[in-house]
Amino acid sequence: MRIETQVLVIGGGVTGAGILRDLAMRGIHAVLLERRDLNAGASGANHGLLHSGGRYVVADPASARECARENEVLKRIASGCVEDTGGLFVALEEDKDEYIVDFISAAARTGVSVEQADLKELREEEPFLQPRVKAAFRVPDASMNPFLTTEANLEAARRLGARVFFYTQVTSMQRDRKRIARVDAIQAKTGEAVEVFADQVVSAAGPWVDQIGALAGADLRIAYSKGSLLITNSRLVNRVINRLRPPSDGDIVVPGETVTITGTNSIRVEHLDHLRTSASEVDRLVEEASRMVPALETARFIRAYAGVRPLVLADRDEPDRKISRAFTVFDHEKDGLENLVSIAGGKLTTYRLMAEKAVDLVSRRLGVDEPCRTAEIPLPGSGEGRALDTSQRLERLRVPPPGGEVLCECEMVGRQQIEEIVAELRKNGHPIDPNAIRLRSRLGMGSCQGGFCGYRTIGYLYERGLVSSKKGNEMLADFLEKRWNGIKPMLWGEQLRQEQLLEAIYCGSLNIDGSL
Amino acid sequence: MKTDCDLLIVGGGLTGLVAAWRAQREGLKTVVVAQGPGSLPFTSGALDLLAVYPTEAKRYRESPWEALSELIETEPEHPYGRVGLRGARAAVEDFLLYLEAGPLAYYRRGEENMAIVTGAGTIKPTYAVSVSMKKNRLAWSRRRPALILGFEGLYEFSPEQVVCNLQDRWGGLKAARLDRSVLLDGDRRLTVTQLAFEFERPEFRDRFAGAVKPLLGQSRFLGLPAVLGFDRVAAVCRDLEERLGVGVFEIPLLTPSLPGMRLAALLKRDLVEAGVDFRQGAPVSRLDEKGGHVSAAYRTGKSREERILAEYVLVATGRFFGGGLEADRQGVREMLLDLQVEAPGDRDNWHMASFLGAPGHPINRVGVKVDSMLRPVGPGGVPVYDNVFVAGAVLAGHDWVREKSGAGISVVTGYAAVDSVLAARARAGGGV
């Protein structure tokens, strides 16, 4: 396949999607390649937290300012992806008073809205919060669904003519002196070769940005910092709860739809694939988060996942927690490359701003004079106005699908919703498998972790003739194995019981591990 | 309230039911305390004995007895190793004679394992199946033209999945679905139990046969998900065969699984009829124990505490799913008597990196260690109680899901534990 375009975007995370939308809105023709599915890297492995900036006020004021601004913007333009929970910073008895003082003054300097909370009121609002809190502050943190956000950005871009290719991996780049003349890629599912001729190339490959850069001969200095997060099967808090202390392990608890997400930590890794969360990491995160929300100690955790933050290195010896969480746009002209831009660092909260800065540079190079309007126009599915509040969102989740046709009982995903997603995937030429459906719904995200609904989904795909021969059963085994990576570290208590039931069914009753 | 008994069985899964049935027949006054419905309703109801050995190689064995001899030789700490070949054979033979003569008319293929088609379109080896799955084996082994029929709205079963997975090895196999409006009114979602109720009604079977007949074509067999009624499944199958003129068989599904429920219901009914005192609901809350001897168990009901005085106690509480074992982040515990259980190192080592890979997860071999009398042992292999025995999945040293040995371990150790009780009683001078 031969593709000609003005701009090639590499990476289907939230930043790449934001860039694609921004380009399309400025009338620039663009194509996005992603080697896997949406949010396969850090965009799909974070807290789902729309930062108020409070987290960064003391150590990283520039990031704090960016967060504070983008927090307001996204609540407006991405209201359908944001649940406006509000957030708290809580100081426990063992936390230092000096940090509280620094926090308040730094918040004032950075424009992050902070309001002292009445502790008695707080106990009523957050019954699971540690009762021995010595001080608490309200901040405008919110919960944000990164999958919906990426999807909405891609959809906005598609509507303006942009094209998205998933499972299409960039393999090499042909240089013609100071320019990338051609980008070669391969479609993983079909093996088809893809040649892209683009005026400009933007790499938003997350932690893979250095590898993509290397294909073009650009030198990027990136460190890989793994952060692990844990999910419970129920929602224990109403607001985002942050520990009021210098950033450390396990000090954020985020309510996300029907679950609670806790994390994270920061561990240097050398490789990006096969990320695992060890039992000792899990134990430390549970212990730390339980200090703020004691019910987490006995909560039912259903999954662990890990993402890699690409940290832009100024100095290799800097401790990871101190490296700025701000982002960097690399203008490779100084490396002698006129048509490559890389972007790295940052966070979910600042994805739109990152996209804006990258597209500003690309526009200048292309001589396009259109201003960025992504901060003004809402995303598809996000009407004007405020983000949905908790009760509105939960109401939406609790509506049972019509006709009682539930495919995923843990998360109430109906057959009709699956049908709509499948239709959308087909329209976009996307491979159809349970994982692709999971990323676009909540299928397989609940207590059974896909054990029951994955099976039903395969049955549905067979019924509809969307898979044939043994492909569907292979997909099912593949789906179960992919989910397993996040299930394995969490197997104790109820979750171990659940796993033993699934293993008994799949291996005992159905012999899926060794069919004759 | 106080009860006296010879044998208290804690656990109402297959192991507890089998042991109770045998103990009562041997003249022991038996009480069963079952916390819940047991794990049988979650199983295929097929009796797996041993079909994969060694599990490292995922080697399928046509002859379970040959595999069993090898296993007993190489793994003396496996539950089968503890009981031995002679005890295993006697138990399986006796129990199957009972099931074969009963209303579920279990069927085996001589001394060999058989292969049956599952709802996932996979082929599962097993040793014996109820009458409703007899022709499942027959149709598959002879690859006769067959129609696999599903129901709109029954998401637990996709006939297309079965056909797609098997058609390269089974010509003349085709899939169809019955539109549920032909059969019933109401919600579009159909459940297994709803269909089972319907199939017990002749009027429904009449309508069903009328709708299916035109779909059969050249098919000699009709394969249906396991929904053909509850305890009257044999009559339902026969009736459908007469109406349709083809062989009818059931295909096992994932939960809820009727063949497993039928087996549980049959056993419960028969053992209660035989005089076993079966108590489901409240679990054993505490025990009286002193000097390595358990003398009584207590259940706490809504308003009062029940005391069960027992001469012997059989622990048949199952594994993690049954509640016999529990794990927290630090380790694994046996829940009834805090019997010694060793977890396989720290939690990173409990499971393999692959969910479905060989040889199986190390945590699955964790359980209660016993001596050759199935008495729980402490350090040094010395029994820790003089009147407590252990049977079934809670035992250490096996991986029934990978070996395909689940029902076999229940039956063989259930029998052996009762044998041990009888032997201990004879030694103690208590006549039967």
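Residues numbered from 1 in each chain as written. Chains lettered and ligands numbered in written order. Predicted model: local features only at pLDDT ≥ 70, side-chain atom pairs only at ≥ 80, totals over all residues. Heavy atoms only, no water.

Some details on helix H2 (residues 64-74) of chain B
Since there are 3.6 residues in each turn of an α-helix, residues three or four apart along the chain are aligned in direction.
Residues and elements named next belong to chain B.
Okay, so step 1: All buried positions along H2 are accounted for by Pro64, Trp65, Ala67, Leu68, Leu71 and Ile72. Looking down the long axis of H2, one finds its buried residues gathered within 155° of arc, a one-sided arrangement. Opposite its buried face, H2 presents the exposed residues Glu73 and Thr74, each directed more than 90 degrees away.
Okay, so step 2: Elements that come into contact with the buried residues of H2 comprise helix H3 (79-83) and helix H4 (85-101). (Buried < 20%, exposed > 50% of the residue type's maximum accessible area, 1.4 Å probe, protein only. Helix = DSSP H or I, 4+ residues; strand = E, 2+ residues; numbered from the N terminus. Arc of directions from axis to C-beta. Contact = heavy atoms within 4.5 Å.)

Comments concerning the nonpolar core
Okay, so step 1: Phe151(B), Phe199(B), Phe208(B), Leu222(B) and Leu228(B) are the most contacted members of the largest nonpolar core, which has 204 residues in total.
Okay, so step 2: Sequence-distant contacts of Leu228(B), defined by excluding residues within four places in its chain, comprise Phe199(B), Val233(B), Val236(B), Cys237(B), Leu240(B), Val248(B), Glu250(B) and Arg262(B).
Okay, so step 3: Membership of the second largest hydrophobic core comes to 33 residues, among which are Val170(A), Leu220(A), Leu272(A) and Leu340(A). (Core = buried A, V, L, I, M, F, W, Y, C linked by side-chain atoms within 4.5 Å.)

Quick look at the interface of chain B and chain A
Okay, so step 1: Each partner contributes to the interface: chain B provides 55 residues, whereas chain A provides 54 residues.
Okay, so step 2: Interface area for chain B against chain A, summed over the two sides, is near 5,200 Å², with a carbon-plus-sulfur share of 54%.
Okay, so step 3: Per-residue buried area on chain B facing chain A is highest for Tyr155(B), Arg329(B) and Phe355(B); these three make up 17% of the total on that side.
Okay, so step 4: Linking chain B with chain A are nine salt bridges, by the criterion used here.
Okay, so step 5: For the interface between chain B and chain A, the tally reads 35 residue pairs in polar contact (both at pLDDT 80 or more). (Buried area = accessible area lost by both parts, 1.4 Å probe. Salt bridge = Lys/Arg side-chain N within 4 Å of Asp/Glu carboxyl O. Polar contact = N/O pair within 3.5 Å; in protein donor to acceptor, adjacent residues only side chain to side chain.)

What to know about the pattern of salt bridges
Residues and elements named next belong to chain A.
Okay, so step 1: Applying the stated rule across the entire model yields 83 salt bridges over all chains.
Okay, so step 2: One salt bridge connects Glu94 with Arg243, and the closest N-O pair in it is separated by 3.6 Å. On the criterion of sequence distance, the pair formed by Glu94 in the loop between strand E5 (87-92) and helix H3 (97-110) and Arg243 in strand E14 (residues 240-243) is long-range, its members being 149 residues apart.
Okay, so step 3: A single salt-bridge network, built from bridges that share partners, covers Arg55, Glu94, Asp95, Arg243, Arg245, Asp249, Asp251, Arg284, Glu288 and Arg291.

Things to note about the sheet that holds strand E3 (residues 49-50) of chain A
The strands making up a sheet associate through hydrogen bonds between their backbones, and the pairing can be parallel or antiparallel.
All names here are of chain A.
Okay, so step 1: Spatial strand order, E3-E8-E4: three strands in an open sheet with antiparallel pairing. Looking along the sheet, the strands with just one partner apiece sit at the ends: E3 and strand E4 (82-83).
Okay, so step 2: Bridge count for E4 against strand E8 (residues 142-144) is two bridges, and the pairing is antiparallel. Residue pairing across strands places Glu83 opposite Ser143, the latter belonging to E8. (Pairing = 2+ DSSP bridges.)

A closer look at the pairing of strand E2 (residues 30-33) of chain A
Residues and elements named next belong to chain A.
Okay, so step 1: Neither face of E2 is open: one carries Ala30 and Leu32, the other Val31 and Leu33, and all of them are buried.
Okay, so step 2: Two elements, strand E1 (residues 2-10) and E2, share four bridges in a ladder whose sense is parallel. Of the residues in E2, the one forming a bridge with Leu8 is Val31.
Okay, so step 3: With helix H1 (residues 14-25) bridging E1 and its parallel neighbour E2, the resulting β-α-β unit is right-handed.
Okay, so step 4: Two elements, E2 and strand E9 (residues 163-165), share three bridges in a ladder whose sense is parallel. The partner of Val31 across the bridge, within E9, is Arg163. (Right-handed = clockwise from strand over helix to strand, strands pointing away.)

Some thoughts on the domain arrangement of chain A
All names here are of chain A.
Okay, so step 1: When its domains are assigned, chain A resolves into domain 1 (2-42 + 147-221 + 324-366), domain 2 (48-143 + 223-313) and domain 3 (399-509).
Okay, so step 2: Spacing between the C-alpha centres of domain 2 and domain 3 amounts to 30 Å.
Okay, so step 3: Taken together, the contact pairs 14 residues of domain 2 with 17 residues of domain 3.
Okay, so step 4: In terms of surface lost to domain 3, no three residues of domain 2 exceed Arg300, Ile302 and Arg303, which account for 47% of the buried area on that side.
Okay, so step 5: Linking domain 2 with domain 3 are one salt bridge.
Okay, so step 6: Between Arg300 and Glu494 there is a salt bridge, with its nearest N and O atoms 3.9 Å apart.
Okay, so step 7: Between domain 2 and domain 3 we count nine residue pairs in polar contact (both at pLDDT 80 or more) in total.
Okay, so step 8: When residues of the side of domain 2 that touches domain 3 are assigned to their parent elements, the largest contribution, four residues, is made by strand E18 (residues 301-312). (Domains from an automatic or database assignment.)

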